[in-house]
Amino acid sequence: MTDIVQNLSDILVAIHRAEKDGGREPGSVSLIAISKTCGPEMIRPALESGQRVFGENYVQESAGKWPALREEAADVELHLVGPLQSNKVREALRLFDVIHTLDRPSLAAALAKEMPREFDRTGRRPRCLVQVNTGEEPQKGGIMPADADAFVDRCRAEYGLVVEGLMCIPPVDDLPSPHFGLLRMIAERNNLPLLSMGMSADFQAAIQLGATHVRVGTAIFGKRVAKA
Ligand SMILES: *Cc1c(COP(=O)(O)O)cnc(C)c1O
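Residues numbered from 1 in each chain as written. Predicted model: local features only at pLDDT ≥ 70, side-chain atom pairs only at ≥ 80, totals over all residues. Heavy atoms only, no water.

(A) View of the pattern of salt bridges. Within the structure shown, the criterion is met by 17 salt bridges. Of the charged contacts in the structure, one is a salt bridge between D103 and R104, with a shortest N-O distance of 2.8 Å. Overall, the relative accessible area of 25% leaves R104 in the partly exposed class. The shortest N-O distance in the salt bridge between R117 and E114 comes to 2.9 Å. One end of the pair is R117 and the other is E114, both in helix α5 (residues 105–122) and three residues apart, which spans about a single turn. Each of R70, D97, E118, R121 and R124 takes part in one network of salt bridges that share partners. (Salt bridge = Lys/Arg side-chain N within 4 Å of Asp/Glu carboxyl O. Buried < 20%, exposed > 50% of the residue type's maximum accessible area, 1.4 Å probe, protein only. Helix = DSSP H or I, 4+ residues; strand = E, 2+ residues; numbered from the N terminus.)

(B) Representation of the side chain of S196 in the model. With respect to the element layout, S196 can be found in strand β7 (residues 194–196). Look at S196 and you get buried, because its relative accessible area is 0%. Excluding anything up to four places from it in sequence, S196 contacts H100, L129, L166, M167, C168, L183, H213 and R215. (Contact = heavy atoms within 4.5 Å.)

Below, the structure is given as structure tokens:
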């Protein structure tokens, strides 16, 4: 049995140490506990130990488990870190507080269309991060690094979206640091304060390079069973 509470506490200690080592403000890095494929029985111990920021990959899966969990902890902040289909945008805005995977103009258009509807309904305006395909991998979502500045401008000017930061998933076989450095450079020149980068294997390196949000799944919840 994975000791979720112990793992969470170990990760928080490691984050604080990395903040200190990197000369970062204490508390400047948010831990997003990535709970994809985890049932409520695994998420509840994390909630009980005080974790409030969670990330998920799938809209459908989240719709099945988070409304009930939110009844137990109303101040949960939920992040979507998986690809978003345009036809799921309305449901995603209803469920999530932050969307990390704004990665194409058609999705920007869909978000721009649904955002006012969600605001009228609930007064909420979920925040957006642009995903950058720093490794330029054909199978991976994200804007190419060379197109990122223009895309951020377009999201702001043409679609009226408030883009707050950038997200990347480095190629599995690469050293992650150059990707984190590239993402940070793109964020700086576009005045974007949030940097979502770093996972179980490399969150310390990401913090050294300026991550404000690290996305940690396996190191908290244990190895995931393959999704059917
Ligand atoms: C699953 C996932 C994570 C968590 O990865 P771990 O290696 O389990 O920490 C982080 N970010 C994204 C986008 C993911 O899909």
